[in-house]
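Summary of structural features
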Amino acid sequence: KKHFVGLFDKLFQKGLDFQRKNCKEPVGCVDIQLATSCAMLFKSLFTKENGVNFDAAQKDVAPMLKVIDKLFAFSFIWSVGASIDAKGQEQFDYWARERFDEAGLQLNMPPSDTVYDYWVNIAEDKFKGWKEIVAEYTFDPTAQYTSIMVPTADTTKFGWLQKKLITVNKPFFFTGVTGTGKTVCVQNLLKSLEPLKEDGGLGLVPMSIGFSAQTLSMVVQLTIEGKLEKKRKTLLGAPAGRKVVIFVDDINMPIVEEYGAQPPVELLRQFLDFKGFYDRDKLFWKDLIDTLLFTGAAPPGGGRSEVTPRFTRHFNVMCIPPTSNDSMTVIFKAIVEGFLSNKFDAELKKLSKGLVAGAIEVYNRISTELLPTPAKFHYTFNLRDVSKVFPGLPTIDSRKCKQPVTPPRPWTHARHPPP
């Protein structure tokens with residue numbers, strides 16, 4: 001305990017000062033919120049289930065101090081350094097490495113990549129790359145294009161962090177520019193955790209709500225109550241042995257009223273503050289148990305408002321950076337290769353690399369050269385624009401496609417189905 005508190009004293013305030021001065025948070029966080037986020041993430045990791053050997057520490061405390069150093073550094077990075085945008089994360093990476101060395105933390109973190117690219121393997125007592133634990137993608141020819149989810153280092157890291165926070169009942173707030181896959185990442189994780197613990201899941205009951213400018217608090221309350229079991233007149237909760245996780249997308253979309261309130265957001269704030277709602281007819285209090293809230297939102301602007309800190313203070317806020325070229329290559333190469341490997345000759349299978357590289361190169365050129373202007377304010381490009389290039393390819397008939405020149409034709413006319 002003394003060692004852990006000492007690490008907070010050495011690093012936390014310095015980290016806050018650097019972050020506030022040099023970085024930008026898309027969703028503003030208060031200081032105590034970041035401290036709580038760091039402590040809760042550490043709590044979720046520092047357990048016997050994750051491999052921490054508390055019995056050995058009774059005889060020799062030195063190995064345990066190394067584990068605490070690594071887990072504190074990881075929790076510090078993914079709290080103070082997680083709520084800032086991509087540009088700020090680059091600066092925070094350099095700062096954090098220097099401060100960890102100055103403070104004498106026993107980390108042995110690899111010098112390549114950034115501090116965001118590693119996780120703590122407690123069993124091996126070292127940092128390992130997220131790329132090493134990315135699940136293998138298997139192409140399903142019967143799947144709809146819009147339902148395809150290719151695992152990447154980014155989806156792996158954020159899914160892993162969400163899973164750990166669920167174990168300590170800590171709400172989670174995803175932010176980041178439009179088109180980074182926030183919604184898909186959360187929904188796929190919650191779906192994968194539906195089975196009970198003995199079957200490899202966490203026994204979750206996922207529930208999704210999408211907010212708009214016209215969302216009413218009454219509708220939100222009725223939707224949530226409709227998903228929960230009525231255990232008593234004043235008690236609602238998840239089915240026995242399970243936990244309801246409510247995912248609210250576009251949380252900052254509701255219209256702000258004259259005095260600054262957003263009624264649907266205030267309803268959820270009341271739930272986070274007091275773990276319940278008032279009955280709208282008879283005005284008695286109803287407690288909600290075994291229920292957790294996840295939210296997602298793009299940064300304020302374009303119809304989105306700033307959400308009050310009284311609401312966001314409850315969350316671990318994490319900003320997803322724009323999808324990198326490497327991640328886009330992994331995603332779309334897996335999809336195109338899977339499709340071409342399913343029915344086509346070897347010569348056509350070789351085209352996947354060129355088609356994906358060409359699409360990404362065009363995307364990068366467009367993003368760089370076609371900047372938004374007052375007349376063309378819609379010139380903002382993201383992963384969704386790249387994904388619209390490829391749905392036509394799986395509609396090619398293998399009986400009519402014998403030459404390598406055929407697949408590039410529908411790729412060139414990306415928004416139109418092939419002839």
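Placed above this text is the structure.
What comes next concerns the included structure. Note that the coordinates shown come from a computational prediction; the quantities given were computed from them, not determined experimentally.

What follows concerns the sheet that holds strand β7 (residues 243-249). Two pairing modes exist for strands in a sheet, parallel and antiparallel, and in both the strands are linked by backbone hydrogen bonds. Overall, parallel pairing links the 5 strands, which are arranged β4-β7-β10-β3-β11 in an open sheet. One side of each edge strand has no neighbouring strand; the edge strands of this open sheet are β4 (204-210) and β11 (316-319). Pairs of neighbouring strands in the sheet enclose a mean axial angle of 20°, with direction left out of account. One ladder, built from 6 bridges, connects β7 with strand β10 (residues 291-297); its direction is parallel. Paired with V245 across the strands is L292, a residue of β10.

This part takes up the nonpolar core. Grouped together as the largest cluster of nonpolar side chains are 94 residues, with contacts concentrated most on F72, W78, I224 and I251. Residue contributions to this core peak at 9 residues, all from helix α4 (residues 62-77). Residue contacts for I224: discarding those within four places in its chain leaves M207, I209, I246, L268, F277 and L288.

With that settled, consider the packing of helix α6 (residues 153-167) against helix α7 (residues 182-192). The contact between α6 and α7 brings their axes to 10 Å, and the two run at 55°. Classed by the angle they form, the pair α6 and α7 counts as oblique. When the axes of α6 and α7 are compared, the crossing they make is right-handed. On the side of α6, the interface is formed by T155, F158, G159, Q162, K163 and I166, while α7 contributes C185, V186, L189 and L190. When its residues are assigned to classes, the contact of α6 with α7 shows 6 nonpolar, 3 polar and 1 charged.

In this section: the packing of aromatic side chains. The tally for this structure, following the rule as stated, stands at 32 aromatic pairs. Their ring planes at 70° and their centres at 5.4 Å tell us that F8 and F72 sit as a pair that is edge-to-face. Of this pair, F8 sits in helix α1 (residues 2-22) while F72 sits in helix α4, and the two are 64 residues apart along the sequence. Since its relative accessible area comes to 0%, F72 is described here as buried. Relative to F76, the ring of F12 has its centre 6.1 Å away and its plane inclined at 75°; by these criteria the two rings are edge-to-face. With F12 in helix α1 and F76 in helix α4, this residue pair connects regions lying 64 residues apart in the sequence.

What follows concerns a nonpolar patch on the surface. There is a patch of nonpolar side chains on the surface, built from L216, M218, V219 and L222 and spanning about 370 Å² of accessible area. Note that L222 resides in helix α8 (residues 217-227). Residue classification places L222 among the exposed positions, given a relative accessible area of 52%.

Overall, mixed pairing links the 4 strands, which are arranged β5-β6-β9-β8 in an open sheet. Each edge of the open sheet carries a strand with a single partner, namely β5 (229-232) and β8 (276-278). The average angle at which neighbouring strand axes cross in this sheet is 30°, direction not considered. Where β5 meets strand β6 (residues 235-237), 3 bridges bridge the pair, whose relative direction is antiparallel. Its bridge partner lying in β6, R232 is registered against L235. Contacts between α8 and the sheet are confined to β5, β6, β8 and β9 (285-289), with β8 contributing the most and set at about 125° to the helix.

Quick look at the side chain of D279 now. If you trace the backbone, D279 turns up in the loop between β8 and β9. Reaching out from D279, the side chain makes a polar contact with the side chain of K286 at a distance of 3.3 Å. Those residues within four positions of D279 in sequence are excluded, and the remaining contacts are F284 and K286.

A few words now on unusual backbone geometry. With a phi close to 60°, K275 is a non-glycine residue in the positive phi region. Looking at where K275 falls in the secondary structure, it is placed in the loop between α9 (263-274) and β8. Classification of K275 as partly exposed rests on a relative accessible area of 41%. Even without glycine at this site, D290 takes up a positive phi of about 55°.

This part covers the pattern of salt bridges. Any two side chains of opposite charge can pair if their charged atoms end up close together. This structure, assessed with the given rule, holds 20 salt bridges. Among the salt bridges present, the one from R99 reaches E102, with a minimum N-O distance of 2.8 Å. Residue R99 and its partner E102 are both found in helix α5 (residues 86-102); the two are separated by 3 residues, about one turn of the helix. Overall, R99 belongs to the buried group, its relative accessible area being 15%. E102 gets classed as exposed once you look at its relative accessible area, which sits at 58%. A salt bridge links K126 to E124; the nearest nitrogen and oxygen atoms lie 3.6 Å apart. K126 sits in the partly exposed class, given a relative accessible area of 39%. A relative accessible area of 42% means that E124 is categorised as partly exposed. Three or more residues are tied together by salt bridges with common partners; here these are E266, R269, D273, R310 and R313.

Now for the environment of S208. Relative to the assigned elements, S208 resides in strand β4. With relative accessibility at 47%, the residue S208 sits in the partly exposed group. Distance in space between the C-alpha atoms of S208 and L7 is 38 Å, their sequence separation being 201 residues. Not counting residues up to four positions away in its chain, the partners in contact with S208 are Q187 and F247.

Conventions and cut-offs
Per-chain numbering applies: the sequence of each chain, read as written, is numbered from 1 onward. Confidence filtering applies because this is a predicted model: local features only for residues at pLDDT of at least 70, side-chain atom pairs given and counted only at 80 or more, and all residues used for totals across whole chains, interfaces and linings. The basis for every side-chain value is the complete set of non-hydrogen atoms in the structure, without hydrogens or water. Strands were regarded as paired on the criterion that DSSP finds at least two bridges between them. Under the scheme used here, helices are H or I runs from DSSP no shorter than 4 residues and strands are E runs no shorter than 2 residues, and both carry numbers assigned from the N terminus. Inter-axis angles, ranging from 0 to 180 degrees, are taken between N-to-C directions of lines fitted to C-alpha atoms, where helices are fitted over the stretch in contact. What we call a nonpolar core is a set of buried Ala, Val, Leu, Ile, Met, Phe, Trp, Tyr and Cys residues that are connected through their side-chain atoms within 4.5 Å. Each residue is placed in one exposure class: buried if its accessible area under a 1.4 Å probe, protein chains only, is under 20% of its type's maximum, exposed if it is over 50%, and partly exposed if it falls in between. In what follows, a contact means two residues having at least one pair of non-hydrogen atoms within 4.5 Å. In these notes the angle categories are as follows: under 35 degrees is roughly parallel, over 145 is roughly antiparallel, 65 to 115 is roughly perpendicular, and the rest is oblique. Handedness of a crossing follows from how the near helix is turned relative to the far one, being left-handed for an anticlockwise turn of less than a right angle and right-handed for a clockwise one. Polar here means any residue other than Ala, Val, Leu, Ile, Met, Phe, Trp, Tyr, Cys and Pro, which are nonpolar, and Asp, Glu, Lys and Arg, which are charged; Gly is therefore polar. Paired rings are identified among Phe, Tyr and Trp, the last through its six-membered ring, by centres lying within 6.5 Å, and are further divided according to the angle between planes into stacked (under 30 degrees), edge-to-face (over 60) and tilted (the rest). Like charges are joined within 9 Å and nonpolar side chains (Val, Leu, Ile, Met, Phe, Trp, Tyr) within 5 Å, but only among residues with over 30% relative accessible area and no salt bridge; these make up the patches. Every accessible area reported is derived by Shrake-Rupley at a probe size of 1.4 Å, with residue values counting cover from the shown protein chains alone. Salt bridges are defined as contacts in which a side-chain nitrogen from Lys or Arg sits within 4 Å of a carboxyl oxygen from Asp or Glu. Any N or O atom pair separated by 3.5 Å or less is treated as a polar contact, with the protein-specific requirement of one donor-capable and one acceptor-capable atom, and with residues adjacent in sequence counted only for side-chain atom pairs.

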